[in-house]
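Descriptive structure summary
Listed here are the chains, written in short residue letters.
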Amino acid sequence: RVALPEPDYPPDRSTYYGGILIWHIDQSVIDANLASNTINADPSHRGVALMEAHGANEIGRLIQDITGQLYYYDGSAFDFWFKGNPVPSYYNEFTPVSLPSSNSYSGADSHVYVTNFSSADSVMTLDVAVGDSIIAPTAGFPKNIHDATYNSSPVFGHLSTDGKLQVIANNGDSLYAFNMDGTSAGFDSTGFFSKVGGRFQPVVSSENTAGNTVYALDDSVFYGLVDQDNNHDGTADALFSTPLPPPNPRAAGPLLVMGSKVTSFGNVPGTWSVFSTAGNYIASFSAPIAIAVSENSSAFGTAFPSTNPAQFAAADTSVAYINVGGAYGVYRVNMDSVISANVRHPFTAPPPGSNSPYILGMAYGRLSSTGASGVIEVSPQGVYFDTLSSLPSKIFTAFPGDTITSGPVLADLNGDGSRDIIFATQTKVYAITRTGAVLNGFPLSTVGSEVLPGDANTIVGSIAVADLNDDGKPEIIFGTKGGIIYAFTGATAKVFPGFPVSVGRGLAGSPAIAYDSQTGNLYLAAIGLDGYLYSWAFKGSSASQVLWGNLLGGNYHMNSMTQALAAQPVTPTPTLMPADQVYNWPNPVTNGLTKIHFYLRENATVSIGIYSFAGDKVADIQTNGIGGIANEVDWNASGVQSGVYFARVEAVSSKSRDVAIIKIAVVK
């Protein structure tokens, strides 16, 4: 309880109630408008706003009374918080669900609860709580890291062998480190860890024989940093500082650690350099043209060059797959001998001056208990699965006007024993099965009823996946340029309790999540463009709750998910193709593309005939459907007129046959 003295409290309560006042402070608005003395110029988003207990936002606004007279409202006795406030909407609490609420202007949950205000008096009491039984802001956070770029993404790791979990943040130049109790894990009280190596998210590794090492990059130098300051210069000691070899003077993306090897991508001309974990240069794999690495093109704030990006995914500690834009294909690289082979060409060369098609992101993994492992390749227009035994198959096509912006993330969201593929477009998150069918409830959208400025709804960075409440149903976690961080339960596509949360001035890079065995908590961390590192805590039970922990998968950035999957029994259905699971979406079709969805009990050949209302066949689609999972095929309706069409979907297996007919409305 907190007691608040009010020495000037007036004794005449018939005209003046008094009580407690609560202000909402938005430091970003103050910083942006202080010099011009306009911090409260926008009445809907003030830098310093009084939370009026009667529920309206009226102070400073022009009000018309019942006689028609106009005046500027300057407050009343009902703006105070106290037990007995007679306003009908007043419930004696200031919480995320009260009116007004303790949430941010964007609607993000602050997890601030102020309750049990006492009666108005010269000394009052109230209860204050931050967080609840599910989620709470981590004590001692946010932490000032003094700057941030679109490459700033936190990573969790152990800087020493004492078992304590730390979170390390890069701000573009330097690195900061903090213990999960909010104390500094750096070399001063601010958390400062290293003056170098802060361009990209670092890698915290135990692969070095010298002990736990932070592998980090500046523009042209590869560092191995340790949690020591033997020369007393106030920054982490460097086991080595190895210049990136020519003709590769500038790093283009985060490091990848594969066993005893560390790799770095470079820019002009494109080179993949390989080092030992002791910092010794081993060799380079040269790409024919300039390359760049990114998990999300919008995260860097600039478009990719016309020479296209490069991406990687590691199958294990010795074999990786790399895409180089000049060949529009995937190279298999043996890290032991650094030789290329098995060049694949999933795309044709783009038109002159075009940036697409190209491979925006890659991941390597096994998607089912029986299927082969392969490379999942994402372009702005679609998703491909490449077993490297033949040309890759396109399993998903993006809708017109929808551009894929993030690399793929792999996780079983609905517990069917198959890993789903998760990725983002500008303002949506998709989750698809290994057949390309979109999971129920997806795509998720960041565009709601609220009106946000500019591109605030645009998704940035990578997607993380973790089971936040250990119920066996993982959540997907992602953020936006407006600084909102969302969490949705994958199996239900519903918002996880306590979300969204927010960071200041926009999300800088990608969120990260890890389990701490010492505290028994899961910790979520994210960096805001305000230069602060934010964190939230959840009750956890094991590291297995984290399925895809941060940018590029795990701490070593291997961008892969190769663990074995347990075989799951196929859901029994009375028919080969249940009629209630045959439909198309979107319906009506307004942008030319619709997806026809069906579930099969067993493998079957599927024929789809689409007919006009007059009975004329306008399209004929043939596909091989996979049993035990949802399937989808595309119909491009751009060549037909507006109207109602009928799709006859026929499935034939070795044992049975089923037919379903659905209506499709086309509107142009």
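Because the structure is a prediction, the values reported are computed rather than measured.

1. Side note on the overall build of the chain
For the chain, the helix and strand inventory stands at one helix and 51 strands. The buried share of the chain, reckoned over its 668 residues, is 54%. If you take every contact in the chain between residues at least 6 apart in sequence, the share linking residues at least 24 apart comes to 53%. For the chain, the accessible area works out to roughly 27100 Å², and carbon and sulfur atoms hold 53% of it.

2. Some details on the nonpolar core
Membership of the largest hydrophobic core comes to 42 residues, with the highest contact counts inside it found for Val 383, Leu 413, Ile 421, Ile 422, Val 429, Phe 442 and Ile 476. When residues no more than four places from it in sequence are discounted, the contact partners of Val 429 are Ile 422, Phe 423, Ala 424, Phe 442, Pro 443, Leu 444, Ile 459, Ile 463, Ile 476 and Phe 478. Membership of the second largest hydrophobic core comes to 25 residues, among which are Val 589, Ile 596, Leu 600 and Ile 608.

3. Some words on the pairing of strand β27 (residues 361-365)
Burial analysis of β27 places five of its five residues in the buried class, which makes it a mostly covered element. Alternating positions in β27 separate into two faces, Gly 361, Ala 363 and Gly 365 on one and Met 362 and Tyr 364 on the other, with burial throughout. Sheet topology note: the β27/strand β28 (residues 374-379) ladder contains five bridges and is antiparallel. Residue pairing in the sheet places Gly 365 in a bridge with Gly 374 of β28. Pairing between β27 and strand β44 (residues 560-561): two bridges, direction parallel. If you follow Tyr 364 over to β44, its bridge partner there is Ser 560.

4. Structural notes on the pattern of salt bridges
Under the definition given, this model contains 10 salt bridges. Residue Asp 219 pairs with Arg 199 through a salt bridge whose shortest N-O separation is 3.2 Å. Of the two residues, Asp 219 sits in the loop between β16 (213-217) and β17 (221-226) while Arg 199 sits in the loop between β14 (192-194) and β15 (203-205), which places them 20 residues apart along the sequence. Asp 219 gets classed as partly exposed once you look at its relative accessible area, which sits at 35%. Residue Lys 595 is joined to Asp 634 by a salt bridge in which the shortest nitrogen-to-oxygen separation is 2.8 Å. Of the two residues, Lys 595 is situated in strand β46 (residues 593-600) and Asp 634 in strand β49 (residues 629-636); the sequence distance between them amounts to 39 residues. Among the charged side chains, a network of salt bridges with common partners joins Arg 199, Asp 219 and Arg 250.

5. Some points on unusual backbone geometry
Looking along the chain, the bond that leaves Phe 442 and enters Pro 443 is cis, with omega of 5 degrees. In this structure, Pro 443 sits in the loop between β33 (428-432) and β34 (444-445). Of note, the bond from Phe 499 into Pro 500 is cis; its omega dihedral lies within 30 degrees of zero at 5 degrees. Of note, Pro 500 is situated in the loop between β38 (494-495) and β39 (501-502). Positive phi outside glycine occurs at His 146, with the angle close to 75 degrees.

6. Let's talk about the packing of aromatic side chains
Under the definition given, this model contains 23 aromatic pairs. Judged by centre distance (5.7 Å) and plane angle (55 degrees), the rings of Trp 81 and Tyr 90 are tilted. Here Trp 81 and Tyr 90 have matching classes, each one buried. Chaining the aromatic ring pairs together yields one cluster made of Tyr 215, Phe 222, Phe 240, Phe 275 and Tyr 281. We note Lys 595 situated over the ring of Phe 396; from NZ or CZ to the ring centre the distance is 4.2 Å. Sitting above the plane of the Phe 399 ring, Lys 595 keeps its charged end 5.3 Å from the centroid.

7. A short note on the pairing of strand β36 (residues 475-480)
The element β36 is largely enclosed, with a buried count of six among its six residues. Side-chain alternation along β36 places Glu 475, Ile 477 and Gly 479 on one buried face and Ile 476, Phe 478 and Thr 480 on a second face that is also buried. Bridging between strand β35 (residues 459-466) and β36 involves five bridges; their strand directions are antiparallel. Across the sheet, Ala 464 pairs through a bridge with Ile 477, a residue of β36. Of the strand pairs in this sheet, β36 and strand β37 (residues 484-489) are connected by five bridges, and their pairing is antiparallel. Paired with Gly 479 across the strands is Ile 485, a residue of β37.

8. Points about the environment of Ser 607
Among the secondary structure elements, Ser 607 is positioned in strand β47 (residues 604-612). Separated by 14 residues in the primary sequence, Ser 607 and Ile 621 place their C-alpha atoms 5.8 Å from one another. In terms of polar contacts, Ser 607 uses its side chain to reach the side chain of Gln 622, at 2.7 Å.

9. What about a nonpolar patch on the surface?
On the surface, Leu 21, Trp 23 and Ile 25 cluster together into a nonpolar patch covering about 290 Å² of accessible area. Its place among the elements puts Trp 23 in strand β2 (residues 23-25).

10. Some remarks on the sheet that holds strand β18 (residues 237-243)
Taking strand neighbours across the sheet as the criterion, the four strands line up as β15-β16-β17-β18 in an open arrangement whose pairing is antiparallel. At either end of the open sheet lies a strand with only one pairing partner, and these are β15 and β18. Averaged over all adjacent pairs, the angle separating strand axes in this sheet is 20 degrees, with direction ignored. Note that β17 and β18 share six bridges and pair antiparallel. Pairing of Val 221 across the sheet is with Pro 243, part of β18.

Procedures and definitions
- Residues numbered from 1 in each chain as written.
- Predicted model: local features only at pLDDT ≥ 70, side-chain atom pairs only at ≥ 80, totals over all residues.
- Heavy atoms only, no water.
- Helix = DSSP H or I, 4+ residues; strand = E, 2+ residues; numbered from the N terminus.
- Buried < 20%, exposed > 50% of the residue type's maximum accessible area, 1.4 Å probe, protein only.
- Contact = heavy atoms within 4.5 Å.
- Areas by Shrake-Rupley, 256 points an atom, 1.4 Å probe, with all protein chains shown as cover.
- Core = buried A, V, L, I, M, F, W, Y, C linked by side-chain atoms within 4.5 Å.
- Pairing = 2+ DSSP bridges.
- Salt bridge = Lys/Arg side-chain N within 4 Å of Asp/Glu carboxyl O.
- Phe/Tyr/Trp six-rings, centres within 6.5 Å; stacked < 30°, edge-to-face > 60°.
- Lys NZ or Arg CZ within 6 Å of the ring centre and 35° of its normal.
- Polar contact = N/O pair within 3.5 Å; in protein donor to acceptor, adjacent residues only side chain to side chain.
- Patch = residues over 30% accessible without salt bridge, like charges linked within 9 Å, V, L, I, M, F, W, Y side chains within 5 Å.
- Axes fitted to C-alpha atoms, helices over the stretch in contact; angles between N-to-C directions.

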